[in-house]
Amino acid sequence: MDGTIKHALVIGAGTMGKGIAQWLAQSGVRATLCDLRGEVAVAAHKDIELSWQKLVQKGKFTSEQVDKMGECLNAIALSDVDAANDAPDLIIEAIVESIEAKNKLFTELDQSMPEKTIFASNTSSIPIARLALAVTPKRRERFLGLHFFNPAPIMKLVEIIKGPGTKSELMSHLYLWFQSKGKKPAICADSPGFIVNRVARNFYGEAFRIIKHEHPGKVKAVDEIMRTCGGFKMGPFELMDLIGIDINYDVTQSVWRDFFLEPRFAPHPLQRKMVESGRLGKKTKQGFYHHDD
Ligand code: NAI
């Protein structure tokens, strides 16, 4: 594997893309954050700068450090990405959890990006093998999953998922690269939900089975017990609000389908009800809890 990663393109400036770009810039890697909607990328850039200002006030970074991080970050519309003149070493895709949308994007990028560019998906649950079908066999050697956790600048774990064609030397190169940047990488097989999302299905699923129906008192009680007695940083309902009820529901359905509808992975009707009524958690200010800024 030749060279290190100096420039990364992060596609999708939502919850995850924004966090990944922030982490890259904090780690001294030039990050270009882009989105289908340019204004979303610009707003995400502003949010990151605001977050850095808050971290300066808290004494976590100096103004000089934040200035340097700022120089590493820019945000543009996807249509303004200039592959010919400014090709990234690594692309991290963090768009909606839709196989069709991701495959369309990867096929287009495969045609415009040079051979050296590594393609990675931050998918929570789509098999990397299925996404790799969108690119040419040559690119498959440099195609893999890089699954970050929310909030990406803080959470240390990154699951590195080998696709059917991924070169082993690329896997080890990225493993060491993440370690050198302070992350805790874990190499995973390309199986439904990888490691964390597979184990976590029961964390959420059992919590739904306990409350049975929507019941704010029970929701709060389960979260409190898991935090105070279970040793978890967040309870299952609080965590779903943070992740996004829609994202969590998509992941649940995907893992359930990929395990041939095994009942232990089945989604709960309350998840669908909340998604259909637009109660998506923190991002819409209303989920299991009400969220003020
Ligand atoms: P999000 O809904 O917050 O953001 C997605 C962004 O992608 C939006 O800004 C949207 O405008 C943009 N987008 C959609 N289609 C696009 C396209 N074709 N080209 C460029 N931009 C496009 O989603 P979120 O939560 O950031 O998730 C993104 C990915 O990361 C998903 O695959 C999800 O499963 C995965 N993930 C999510 C986690 C979470 O806690 N939310 C944790 C780990 C992975």
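Residues numbered from 1 in each chain as written. Predicted model: local features only at pLDDT ≥ 70, side-chain atom pairs only at ≥ 80, totals over all residues. Heavy atoms only, no water.

### Brief notes about the packing of helix H9 (residues 216-228) against helix H10 (residues 236-243)
So, step 1. Two elements in contact, H9 and H10, have axes whose closest approach is 7 Å; the angle formed by their N-to-C orientations is 100°. Here H9 lies roughly perpendicular to H10, going by the angle between them. Contacts between H9 and H10 involve Val219, Val222, Asp223, Met226 and Arg227 from the first element and Pro236, Phe237 and Glu238 from the second. (Axes fitted to C-alpha atoms, helices over the stretch in contact; angles between N-to-C directions. Helix = DSSP H or I, 4+ residues; strand = E, 2+ residues; numbered from the N terminus. Parallel < 35°, antiparallel > 145°, perpendicular 65-115°, else oblique. Contact = heavy atoms within 4.5 Å.)

### Points about the pairing of strand E3 (residues 73-77)
So, step 1. Residues Leu73, Ala75 and Ala77 point to one face of E3 and are all buried, whereas Asn74 and Ile76, pointing to the other face, are not buried.
So, step 2. Here strand E2 (residues 30-35) pairs with E3 via five bridges, running parallel. Bridging across to E3, Asp35 finds its partner in Ala77. (Buried < 20%, exposed > 50% of the residue type's maximum accessible area, 1.4 Å probe, protein only. Pairing = 2+ DSSP bridges.)

### As for the nonpolar core
So, step 1. By size, the foremost hydrophobic cluster in this structure holds 40 residues, and its most contacted members are Leu24, Trp52, Leu144, Leu146 and Phe148.
So, step 2. The element that contributes the greatest number of residues to this core is helix H1 (residues 15-26), accounting for six residues.
So, step 3. For Leu24, the residues in contact, after removing those within four places along its chain, are Ala8, Val10, Val29, Ala31, Ile92 and Trp177. (Core = buried A, V, L, I, M, F, W, Y, C linked by side-chain atoms within 4.5 Å.)

### Regarding the packing of aromatic side chains
So, step 1. The tally for this structure, following the rule as stated, stands at 14 aromatic pairs.
So, step 2. Ring centres of Phe259 and Phe265 lie 4.7 Å apart, and the angle between their planes is 20°; on these two criteria the pair is classed as stacked. When sorted by exposure, Phe259 lands in the same class as Phe265, which is buried.
So, step 3. Linked through ring pairs, Trp23, Phe148, Trp177 and Phe178 together constitute an aromatic cluster. (Phe/Tyr/Trp six-rings, centres within 6.5 Å; stacked < 30°, edge-to-face > 60°.)

### Remarks on the site of the ligand
So, step 1. The full set close to the ligand counts 23 residues, and Met16, Asp35, Glu97, Lys102 and Ser124 are the nearest of them.
So, step 2. Ile95 places a polar main-chain atom, nitrogen or oxygen, 3.3 Å from an oxygen atom of the ligand.
So, step 3. One of the backbone nitrogen or oxygen atoms of Ile243 is found 3.2 Å away from a nitrogen atom of the ligand.
So, step 4. For the ligand, whose unbound accessible area comes to 830 Å², protein coverage reaches 89%.
So, step 5. Within the shell around the ligand, the residues separate by chemical class into 11 nonpolar, eight polar and four charged. (Near = heavy atom within 4 Å. Polar contact = N/O pair within 3.5 Å; in protein donor to acceptor, adjacent residues only side chain to side chain. Areas by Shrake-Rupley, 256 points an atom, 1.4 Å probe, with all protein chains shown as cover. Nonpolar A, V, L, I, M, F, W, Y, C, P; charged D, E, K, R; others polar.)

### Description of the domain arrangement of the chain
So, step 1. Under the domain assignment, the chain is made up of domain 1 (7-188) and domain 2 (200-284).
So, step 2. Once you take the C-alpha centre of each, domain 1 and domain 2 turn out to be 27 Å apart.
So, step 3. Each partner contributes to the interface: domain 1 provides seven residues, whereas domain 2 provides seven residues.
So, step 4. Contact between domain 1 and domain 2 buries roughly 570 Å² in total, counting both sides, with carbon and sulfur atoms accounting for 50%.
So, step 5. Of all residues in domain 1, the largest losses of buried area upon contact with domain 2 belong to Glu97, Ser125 and Asn150, amounting jointly to 62% of the total for that side.
So, step 6. Along the contact surface separating domain 1 from domain 2 lie one salt bridge.
So, step 7. Residues Asp258 and Arg130 are paired through a salt bridge, measuring 3.0 Å at the closest nitrogen-oxygen approach.
So, step 8. When the residues that make up the side of domain 1 that touches domain 2 are grouped by side-chain class, the tally is two nonpolar, three polar and two charged. (Domains from an automatic or database assignment. Buried area = accessible area lost by both parts, 1.4 Å probe. Salt bridge = Lys/Arg side-chain N within 4 Å of Asp/Glu carboxyl O.)

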